[in-house]
Amino acid sequence: MDSRVKCVNRNIFKEHSIWVGLAAGAVIGLSLAQDAWAWATPWAVLAWAAAMSSARTPRVQAACLFTGLAAWTWFGGAWITAAVRPDSPARGLWQAVTWLALLGHRGLCVMTAWWLAQQALLQRTPGPVAATLAWAIALVSGEAWAQVGWLGHGYLGLGQALATWPPATPLLPWIGGLGVAALCTLLAAGWVLAWHGVRRTPRRRLVVLAAGLTLSAAAVPAWSTHPEDPGTAPVQVVALVSDLRFDGARAEALRDRQVASLQAAMALAGPGGLVVTPETFFAEPPPAQAHGTWAELLAGVRDTGATVLLGMPHALRDAGGAHLFNAAVQLSPTRSALYGKQRLVPFGEFLPWPERFGAVYAQLFESARDGQHPAPAELAEPLYLAGHPVGVLICHEMSLPLEAARRAIDSDWLVVLAEDSWIPDPAYRAQMASLARLRALETGRPLLRVANGGPSLSVSAGGHATALTAPPEDGLAPVRAQLAPTRQPSPYARSAEAQWWGWALWPVWAWWPRPRRRTNEERLPA
């Protein structure tokens, strides 16, 4: 009877590896959507590694990986379907297409990396070992490649799911979210392979388990504190948070409320102070000549002596005609400057091949047919605000770790202008808050996120987040925030490009030839 129990325990993952992978992916997705699940993420990664090592055939291994990825994408990224127009014909169908596009993009990146790594490792190691190591490589490399191109994004990352894990906090400024994900997957793979390697000696198993748990328990209190760079004197900022629902029928009345709130925020900030608005606070670009509302706003800047960082579209004319791009406009008594958004939301701001798919876009989007255009690269430089160079990110750009690292290099702190009202989903808003904390930890720069219809918060360089007072429903509220600029960016921010290439090319490195080990006979002298 005892031998049968042992056999069942040993073969449980062989019989149910796909279901274990599915459950592990679901837990990771839930940890992204709800902080209450964050504690379970490392255990889910460990269970997934065990399922991969115990899968009996390459097909089962691939199914275990893909089903886990699908559950991860569903439970963590189902909010993407809320972006489809509520009055769109066949909305359910378009929501399914949107989610499948997200899964297809992630699946292509991860499964391709897994196949490449597994084919290389199978030439050197047994099948279960190759599948498990390839799984660890693919999750990290696939996440890196998912950030590339016009379809690229940084949402649903394993590093983000692990960011609240206490041992990850001191590592993020050095190796970033991708590095933490790589460390976690490799540790899980190593534990599982070590467990299988000593399975015939139960005492050694217990020693391995006890040693691992002891080291983990000792590391948590030692790593849970993160020293912060005291930097310079704190900066006082007035964030104009809002919860507005834009409606063309009441555009004029809404504009009057926006201008009145801006005037009140500038008066609160005072001379030399800074006011930050959400993304697209004004829905139209500034006029060529100052008149009406725009002239009134410029007069308020001169009278109060405050500086305003205003989210709004901007027009650019080139050889192809006039184009709109998303921008943050700096208005101050002595200068004006402009930041232009570099990375656009795929199928939200940027719509590829409009001449072929214009009819489809008309079913999904209110008025966009070809979307906006990325701003010129020279408009990505830091802006000088409140006595400091400040790196600007607009909404979707915060999801991309390389974009945040580039802004952090020559800046003292980061500001994010966001528009969240188009995705009214609690899971999305929770992920935006956790992404803000992750970017502050990675870059070593304090971060201020000012949003419409979503979480507005300030985050210190050590990852301590302070939520700003939420505005009333369909209202605006100027809220004071304080940030402590740092003198130097983190080691990760300075090496983010090199680290990204390392993780992205990880499957290729598996093909690197290794020197053949000499046999015992070859070691003996002639």
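The rules behind these values
Residues numbered from 1 in each chain as written. Predicted model: local features only at pLDDT ≥ 70, side-chain atom pairs only at ≥ 80, totals over all residues. Heavy atoms only, no water. Buried < 20%, exposed > 50% of the residue type's maximum accessible area, 1.4 Å probe, protein only. Helix = DSSP H or I, 4+ residues; strand = E, 2+ residues; numbered from the N terminus. Pairing = 2+ DSSP bridges. Phe/Tyr/Trp six-rings, centres within 6.5 Å; stacked < 30°, edge-to-face > 60°. 1 Å grid on protein atoms, 1.4 Å probe; cavity = no way out; pocket = protein on both sides within 12 Å on 5 of 7 lines; lining within 4 Å. Points joined across faces, edges and corners; volume = space filled by probe spheres on them. Nonpolar A, V, L, I, M, F, W, Y, C, P; charged D, E, K, R; others polar. Contact = heavy atoms within 4.5 Å. Axes fitted to C-alpha atoms, helices over the stretch in contact; angles between N-to-C directions. Parallel < 35°, antiparallel > 145°, perpendicular 65-115°, else oblique. Left-handed = near helix turned anticlockwise from the far one by under 90°. Salt bridge = Lys/Arg side-chain N within 4 Å of Asp/Glu carboxyl O. Core = buried A, V, L, I, M, F, W, Y, C linked by side-chain atoms within 4.5 Å. Patch = residues over 30% accessible without salt bridge, like charges linked within 9 Å, V, L, I, M, F, W, Y side chains within 5 Å. Areas by Shrake-Rupley, 256 points an atom, 1.4 Å probe, with all protein chains shown as cover. pLDDT = per-residue confidence, 0-100. Polar contact = N/O pair within 3.5 Å; in protein donor to acceptor, adjacent residues only side chain to side chain.

1. A word on the pairing of strand β1 (residues 235-242)
Then, in step 1: By the criterion of burial, β1 is predominantly enclosed, with seven of the eight residues buried.
Then, in step 2: Here eight bridges tie β1 to strand β12 (residues 476-483), and the two strands are oriented antiparallel to one another. Across the sheet, residue Gln-236 finds its bridge partner in β12, namely Gln-482.
Then, in step 3: Taken together, the three bridges between β1 and strand β2 (residues 274-276) define a ladder with parallel strand orientation. If you follow Ala-239 over to β2, its bridge partner there is Val-276.

2. What about the packing of aromatic side chains?
Then, in step 1: Scanning the model with the defined rule gives ten aromatic pairs in all.
Then, in step 2: Relative to Trp-501, the ring of Trp-145 lies with its centre 6.5 Å away and its plane at 85°, an arrangement referred to as edge-to-face. With Trp-145 in helix α5 (residues 127-145) and Trp-501 in helix α14 (residues 491-504), this pair connects stretches of sequence that are 356 residues apart.
Then, in step 3: Within the aromatic cluster, the residues linked to one another by ring pairs are Trp-48, Trp-72 and Trp-135.

3. Observations concerning empty space enclosed by the protein
To find leftover empty space, one rolls a probe the size of a water molecule over the atoms.
Then, in step 1: By the definition in use, this model includes three cavities of 30 Å³ or more.
Then, in step 2: If you tally residues by element for the lining of the largest cavity, the top one is helix α13 (residues 426-443), at four residues.
Then, in step 3: Its residues assigned to classes, the lining of the largest cavity shows eight nonpolar, eight polar and four charged.

4. Here we look at the environment of Ala-50
Then, in step 1: In this structure, Ala-50 sits in helix α2 (residues 41-54).
Then, in step 2: Along the chain, Ala-50 and Val-20 lie 30 residues apart, while their C-alpha atoms are 8.8 Å from each other.

5. Brief notes about the side chain of Glu-279
Then, in step 1: Looking at the element boundaries, Glu-279 is found in the loop between β2 and α10 (293-304).
Then, in step 2: When neighbours within four sequence positions are excluded, Glu-279 is seen to be in contact with Gly-311, Asn-326, Lys-341, Glu-349, Ile-394, Cys-395, Leu-417, Ala-418 and Glu-419.

6. Section: the packing of α2 against α5
Between two packed helices, what matters for the description is the angle formed by their axes and the separation of those axes.
Then, in step 1: Interaxial distance between α2 and α5 falls to 8 Å at its minimum, and their mutual angle equals 140°. Judged by the angle between their axes, α2 and α5 are oblique. For the pair α2 and α5, the crossing hand works out as right-handed. Touching Val-45, Trp-48, Ala-49, Met-52 and Ser-53 of α2 are Pro-128, Ala-131, Thr-132, Trp-135 and Leu-139, all from α5.

7. Quick look at the pattern of salt bridges
Then, in step 1: Evaluation of the coordinates by the stated rule reveals seven salt bridges.
Then, in step 2: When the shortest N-O distance is used, the salt bridge between Glu-397 and Arg-407 registers 3.7 Å. Taken together, the residues Glu-397 in the loop between β7 (388-394) and α12 (401-409) and Arg-407 in helix α12 connect sequence positions ten residues apart. With respect to burial, Glu-397 and Arg-407 carry one shared label: buried.
Then, in step 3: Look at the salt bridges and you will find they share partners, linking Glu-397, Glu-403, Arg-406, Arg-407 and Glu-497 into a network.

8. Topic: the nonpolar core
Here is a general trend for soluble globular proteins: nonpolar side chains tend to be buried in one another's company.
Then, in step 1: Grouped together as the largest cluster of nonpolar side chains are 108 residues, with contacts concentrated most on Trp-48, Trp-135 and Leu-448.
Then, in step 2: When residues in this core are grouped by element, the largest group, nine residues, is from α5.
Then, in step 3: Apart from the residues within four sequence positions on either side, Trp-48 is in contact with Gly-21, Ala-24, Ile-28, Cys-64, Leu-65, Gly-68, Leu-69, Trp-72, Trp-135 and Leu-139.
Then, in step 4: Formed by 22 residues, the second largest nonpolar core is a distinct cluster that contains Leu-254, Met-266, Trp-294 and Ala-306.

9. As for a nonpolar patch on the surface
Then, in step 1: Taken together, the side chains of Trp-150, Phe-347, Trp-353, Phe-357 and Val-360 present a nonpolar region at the surface, about 450 Å² in accessible area.
Then, in step 2: For Val-360, the position within the fold is in helix α11 (residues 354-364).
Then, in step 3: What makes Val-360 partly exposed here is its relative accessible area of 30%.

10. Looking at the confidence of the model for the chain
Then, in step 1: Mean pLDDT over the chain stands at 84; residues scoring 70 or higher make up 84%.
Then, in step 2: Every residue in residues 1-12 scores below 50 in pLDDT, and together they form zero contacts with partners more than four places removed in sequence or on other chains.
Then, in step 3: A low-confidence stretch, residues 217-227 (pLDDT under 50), is modelled with 14 contacts involving residues beyond four sequence positions or located in other chains.

11. Quick look at the environment of Trp-72
Then, in step 1: By the secondary structure assignment, Trp-72 is in helix α3 (residues 58-77).
Then, in step 2: By relative accessible area, Trp-72 is classed as buried at 1%.
Then, in step 3: The spacing of Trp-72 and Ala-23 is 49 residues in sequence and 8.9 Å in space, taken between C-alpha atoms.
Then, in step 4: Filtering out sequence-adjacent residues up to four positions away, Trp-72 remains in contact with Gly-25, Ala-26, Ile-28, Gly-29, Leu-32, Trp-48, Gly-77, Arg-106, Leu-139, Leu-156, Gly-157 and Leu-158.
Then, in step 5: Separated by 3.2 Å, the side chain of Trp-72 and the backbone oxygen of Leu-156 make a polar contact.

12. Digging into unusual backbone geometry
Then, in step 1: Residue Leu-156 is not a glycine yet carries a positive backbone phi of 65°.
Then, in step 2: Judged by its relative accessible area of 2%, Leu-156 falls in the buried class.
Then, in step 3: Its identity is not glycine, yet Thr-280 carries a phi of approximately 45°, on the positive side.
Then, in step 4: Its place among the elements puts Thr-280 in the loop between β2 and α10.

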